[in-house]
Every structure is written in structure tokens, then in C-alpha cells.
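Observations on the three-dimensional arrangement
Chain residues, written in single-letter form:
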Amino acid sequence: MSTASTAVARTVRHLPDATAGVVLATVLVYLLPFRLVVPPLSVLGRPGIIVCLGLMLWWTLTRLHPGLVTRDRQPMRWALAGYLAALGASYLAGHARGLPELEANSADRTLLMALAGAGMLLACADGIRTRDGIDQVLRWLCWVGTAMALIALSQFALRVDVTNHLQLPPVLRFHQELVGLAARGTGLVRVAGTAGHFIEFSVLMVLGLIVSIHYARFSENRRDRQVYAVLALVQAGVIPLALSRTGLLALASAVLLLALVWPLRTTVNVLIAGIALAALIQVLRPGLLATLRALVLAGDRDPSVQGRLEDYDYLMPFIRERPWFGRGVGTFVPELYRILDNQWLMSLVTTGIVGVAGLAALLLTGVALANRVRRLASRARDRDLAAVLAVGIGVAAISAVAFDALYFSTYLVTLHLMLGLAGALWRVTRADRNDRGGPLAAP
């Protein structure tokens, strides 16, 4: 007897699998330095971003061919469409007021970056066809995240920025100076691995950490569980090396959110491992944790915190002037205005209330789909992975209050990867439930 999932599978069985393309984009954005691009392009010339734009083109072409188009339900498509429509409206509103060349170029670049993120999301949501494909992508994320962590560890230990020597292949060029190392505290340096900033690096390590913990718990054999436990420890161990309050905020958010869904024993085990790791860091590098504690306790006495608080008074006239669609996506450039270390505030200024609502709806859709899977999936590993994806999206959203997150392409790709995989997991587990004769999974 034909089931609903058989009908769903029939509509997608000819769709080429996008897993390899998603993995390639992920590897490139993590292993190649942020400012290494194909000349004469800027951030759009990052090889990983070029692959993401290619994924967007691939997905678009599949929509034009009746034998390739994915016809089954996918709420992430609609949420993404709403978000892109909001960005498009803001882009038109910006050009309607008249833009200087610098703002116009930045608007074009920001919109293209959004399309690159969309390519990653759609390739995951529609192009990863199996549960094993989802695992394959996330396992690669664990490994490349650990590679970035090891690069950061070498920067911290050697006081040398090894990313200067990662100009591979030779055709690539650095379009700006690398973020490098920055002194903070007594005899300490901040490191960022291959990321574009220390804050971005710390958030990426938290996201990689929670995914690695999932595979340390649910890999099929003991050896793999041990390997992913080591990967998790490495990523957790380098989070303090960024010397970033935002990294601590992301880590605390992840622990608190996961504690709501993990079994008590798992939460206790993770906390014990974290305490042991903190003790080891204190022994190996005395003063590191004390510096972090001082940064947290400094509060509004810290210049960077003061600057963030001053942003609100500075921006209110801009927001009142154009509240609905903003000044135009990507037009608030530091060269003309100031650096905003708050993506939500940046979105409000540049895309207005409509743009912020579109971004929030996109993130909430990903969380809602993941929570739907967590409630209805029959297997514990599916429920846990859904929780990890929901928490990862939540952590990314929370940490965005402390830096202009969507400017940084590795963060942007990782966020859209998690959103797309939430959609893919919803689709795959929905088909499984239909095969068992369970209720259809509405979003």
C-alpha cells in the first residue's frame, strides 16, 4: 500500500544530492582564513562563499526542471522567502533615498552574502535527502571546527599567526590584513584561528562543541564516541583563548538551554568535565581564567561595553527617521558612521522593523521545526540532534547581540547550515513517521 512518505520520496528521488557541496563549502570557510579571497573580490571572493552562491544557483535550476524540483512541504523555504523579501524591500528603500557609492556597494555585497547563506540553507533543507547525509555534514563540521581550534591553539602557544601561511591555492590573495593576535590582560593574547574576529571564533567553537557532544553520546561505536569526546574537549578548551565575553555568553546560553532537554546525568557529566577542563587550563596557563573573570565583572566600566551602550542614543534618530524598512540593507558602513557590535541593532537600523521581523521569523522557524522533531521523533538520537540544532540556532541568535554577526561569513554559513539541517531533519523524520502510520508532521 502506498504511503504518504512514498509519495514524498517519489517527488524527490531524481533530485541530485547536495551533501558534497554543503561539506565542501563548510570545509572551505573553516579552513581558509577569513580574508583570503579570489582577487579582486572582497568577502564575496571567499572560496566557501563562492560555493554557497553556486549552491543557490543549483537550487534555482532544480526549481526550473519538473523532474528535479522538490515538491514536498518545507517550511524553511517560506521563512527564507519572507526574510529575503524583507531584505529586498529594504534594498529598494535604500536606493529610493539615494545612496553614496560606498553605501551602494555595501548594499550589493550584503544582499549577495544573504543569497550565499540562502544557498547553504536551501541545499541543506532540500538537497540532503537522508538522515545519514545530515550526520555526514555535521561530523565534518566537528572536524573542521576542531582544525580551526588547533590553529588557534598554535597561535596562542607560539605567539605566531600561522594563518599568514595558509595562502592556498596560490591564486588566492589576502584582501585585508588578517585579524592576527591582540594583547589582552597580562602577557596574554587573543586568538581567532581562521575566523574573522575573536568574537566570531568563540561563538563558532561553542556551536561546534554542542554538535561534537551529540556525536560523543550517539555515535554507533565506542571508539567514535571517544573520538568525538576528544573533539568536544579541544573546542571547549580554546573558547577561553578568544578572551571574549560573547564567547562566555554563548557557552552559558548553550549549557542552560541544553540543561532543559538533556537527562540530568548528562548535564552533570558535562559540568564535571567542564570543571576539570577549567582546572587544567588554570594549571597550564595561570591568569587566563582570572582575566576572563575580570572582563565579565568589569561591566559598564569596560570601554567596549560603554561603546555598545552609547550606540543606542546615537542610533535613535536614524531609527525614527526610517522605522519600517530602515536606511537600506548593508548601508550602515563604519567608514561613514560607526561600528555596531550588535547585529539586531544593525538590522533594525538598516532593514527596519520589517527586516528584524523577517530575521526573527527565519530563526524561530528553524527552532520550531527542530522542537517538532524533538517531540515526535521515535529515536533518541534524532530527538537529541533536534535539540542540538534548536539550541545552536538559539545560541547564534543570542550571541548576535554582541557583534555584527552577519558580516562574518563563517558565522553566516554556519547559522544557515543549522537552519537548513533543521529543515532537512524535519523532512526526513516526517517521512519516517508517515511510514509508521503516525500523524503528519505539520510545522
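Residues numbered from 1 in each chain as written. Predicted model: local features only at pLDDT ≥ 70, side-chain atom pairs only at ≥ 80, totals over all residues. Heavy atoms only, no water.

**Focus: the packing of aromatic side chains**
One pair of aromatic rings is described through two measures. These are the centre distance and the angle between the planes. Quick note on the threshold: Think of it this way: a Phe, Tyr or Trp ring, Trp meaning its six-membered ring, pairs with another when their centres are within 6.5 Å, and the plane angle makes it stacked under 30 degrees, edge-to-face over 60, tilted otherwise. Every helix listed is a DSSP run of H or I at least four residues long, and every strand listed is a run of E at least two residues long, numbered separately from the N terminus. A simple rule labels every residue: compare its accessible area, found with a 1.4 Å probe on the protein chains alone, to the largest value its type can have, and call it buried under 20%, exposed over 50%, or partly exposed in between.
Summed over all chains, the structure comprises 12 aromatic pairs. A ring pair is formed by W143 and Y228, whose centres lie 6.3 Å apart and whose planes are at 70°; its orientation type is edge-to-face. You can see W143 sitting in helix α6 (residues 131-158) and its partner Y228 sitting in helix α8 (residues 222-238), a full 85 residues away along the chain. For Y228, a relative accessible area of 5% puts it in the buried group. Plain terms: the ring middles of F403 and Y411 are 5.5 Å apart, the flat faces sit at 85° to each other, and that makes the pair edge-to-face. Judged by relative accessible area, which is 2%, F403 ranks as buried.

**Overview of the environment of D382**
What counts here: Under the rule applied, a polar contact is a pair of N or O atoms within 3.5 Å (in protein, one hydrogen donor and one hydrogen acceptor; residues adjacent in sequence only if both atoms are side-chain atoms).
Position of D382 relative to the elements: it lies in helix α14 (residues 380-399). Residues D382 and T429, 47 residues apart in the sequence, show an inter-C-alpha distance of 8.1 Å. Here R379 takes part through its side chain, which lies 3.0 Å from a polar atom of the side chain of D382.

**Comments concerning a nonpolar patch on the surface**
Using the following cut-off: A residue counts toward a patch only above 30% relative accessible area and without a salt bridge, and it is joined to like-charged neighbours within 9 Å or, for Val, Leu, Ile, Met, Phe, Trp and Tyr, to nonpolar neighbours within 5 Å. Using a 1.4 Å probe, accessible areas were evaluated by the Shrake-Rupley method; residue-level cover was limited to the displayed protein chains. Throughout this description, the term salt bridge denotes a Lys or Arg side-chain nitrogen within 4 Å of a carboxyl oxygen of Asp or Glu.
A grouping of L249, L257, L260, V261, I398 and V401 is seen on the molecular surface, where their side chains present a nonpolar patch of about 460 Å² in accessible area. Tracing the backbone through its elements, the reader meets L257 in helix α9 (residues 245-259). Residue L257 is classed as partly exposed on the basis of its relative accessible area, which comes to 30%.

**A few points about the packing of helix α7 (residues 198-218) against α9**
Put simply, the rule reads: What counts as an axis is a line fitted to C-alpha atoms, over the stretch in contact for a helix, and the angles between N-to-C directions run from 0 to 180 degrees. Here is the rule for angles: anything less than 35 degrees is roughly parallel, anything more than 145 is roughly antiparallel, 65 through 115 is roughly perpendicular, and the remaining ranges are oblique. Each crossing gets its handedness from the near helix: less than a right angle anticlockwise from the far helix is left-handed, clockwise is right-handed. Any two residues whose heavy atoms approach within 4.5 Å at even a single point are treated as in contact. Following the grouping adopted for this structure description, the nonpolar residues are Ala, Val, Leu, Ile, Met, Phe, Trp, Tyr, Cys and Pro, the charged ones are Asp, Glu, Lys and Arg, and the polar ones are all others, Gly among them.
Between α7 and α9, whose axes approach to 8 Å, the crossing angle comes to 20°. Considering the angle they form, α7 stands roughly parallel to α9. When you trace α7 past α9, the crossing you get is right-handed. Between α7 and α9, the residues in contact are I199, S202, V203, V206, L209 and I210 and T246, G247, A250, L251, A254 and L258, respectively. The class makeup of the residues in the contact of α7 with α9 is nine nonpolar, three polar and no charged.

**Describing the pattern of salt bridges**
Within the structure shown, the criterion is met by 10 salt bridges. With a closest N to O distance of 2.6 Å, D135 and R131 form a salt bridge. On the criterion of helical spacing, the pair formed by D135 and R131 is a turn pair, its members being four residues apart in helix α6. Each member of the pair D135 and R131 is classed as buried. R327 serves as the salt-bridge partner of E321, at 3.6 Å between the closest nitrogen and oxygen. By relative accessible area, R327 is classed as buried at 8%. The structure contains a network of salt bridges with shared partners spanning R131, D135, R379, R381 and D382.

**Considering helix α4 (residues 75-97)**
Note the cut-off: Each helix should span, by expectation, one fewer than its residue count multiplied by 1.5 Å.
Helix length check: α4, at 23 residues, gives a terminal C-alpha distance of 34 Å against a target of 33 Å (1.5 Å per residue), a fit within 8%. Within α4, the full set of buried residues consists of P75, M76, R77, A79, L80, Y83, A86, L87, S90 and G94. Positioned one or two residues after α4, G98 has a phi angle of 90°, which is positive.

**Some thoughts on the layout of surface pockets**
Condition: Think of a 1 Å grid over just the protein atoms. A cavity is a set of points where a 1.4 Å probe fits yet cannot get out, a pocket is an open set with protein on both sides within 12 Å along at least five of seven lines, and lining residues have an atom within 4 Å of a point. Grid points are joined across faces, edges and corners, and a volume is the space filled by probe spheres set on the points.
The volume enclosed by the second largest pocket comes to roughly 930 Å³. Taken together, 31 residues line the second largest pocket, and the ones lying closest to its centre are A236, V270, L271, A273 and G274. At the level of secondary structure, the elements contributing two or more residues to the lining of the second largest pocket comprise α7, α8, α9, α10 (264-284) and α11 (288-298). A per-element tally of the lining of the second largest pocket places α10 first, with 11 residues. Here the lining of the second largest pocket is built from residues that sort into 26 nonpolar, three polar and two charged.

**Considerations on the nonpolar core**
As a reminder of what qualifies: Nonpolar cores are built from buried Ala, Val, Leu, Ile, Met, Phe, Trp, Tyr and Cys residues. Side-chain atoms within 4.5 Å join them into one set.
Judged by nonpolar contacts, the single largest core of 115 residues is most densely connected at V22, I134, F201, V211, Y411 and L421. Excluding anything up to four places from it in sequence, I134 contacts I128, Y215, L385, L421, A424, L425 and V428.

**Some thoughts on the packing of α6 against α8**
Helix packing geometry: the angle between the two helix axes and the distance between the axes. One way to put it is that α6 packs onto α8 with a least axis distance of 9 Å and a crossing angle of 45°. Here α8 runs oblique to α6, going by the angle between their axes. The chirality of how α6 crosses α8 is left-handed. Contact residues: R139, C142, W143, G145, T146, A149, L150 and L153 in α6; V227, Y228, L231, V234, Q235 and V238 in α8. Residues belonging to the contact of α6 with α8 are distributed by class as follows: 10 nonpolar, three polar and one charged.

**Let's talk about unusual backbone geometry**
In this structure, the amide linkage connecting P39 to the following residue, P40, adopts the cis form with an omega of 0°. Mapping P40 onto the fold places it in the loop between β1 (36-37) and α3 (47-64). One non-glycine residue with positive phi stands out, namely R159, at about 55°. Judged by its relative accessible area of 44%, R159 is partly exposed. Unlike most non-glycine residues, L243 shows phi in positive territory, near 50°. Considering the arrangement of structural elements, one finds L243 in the loop between α8 and α9.

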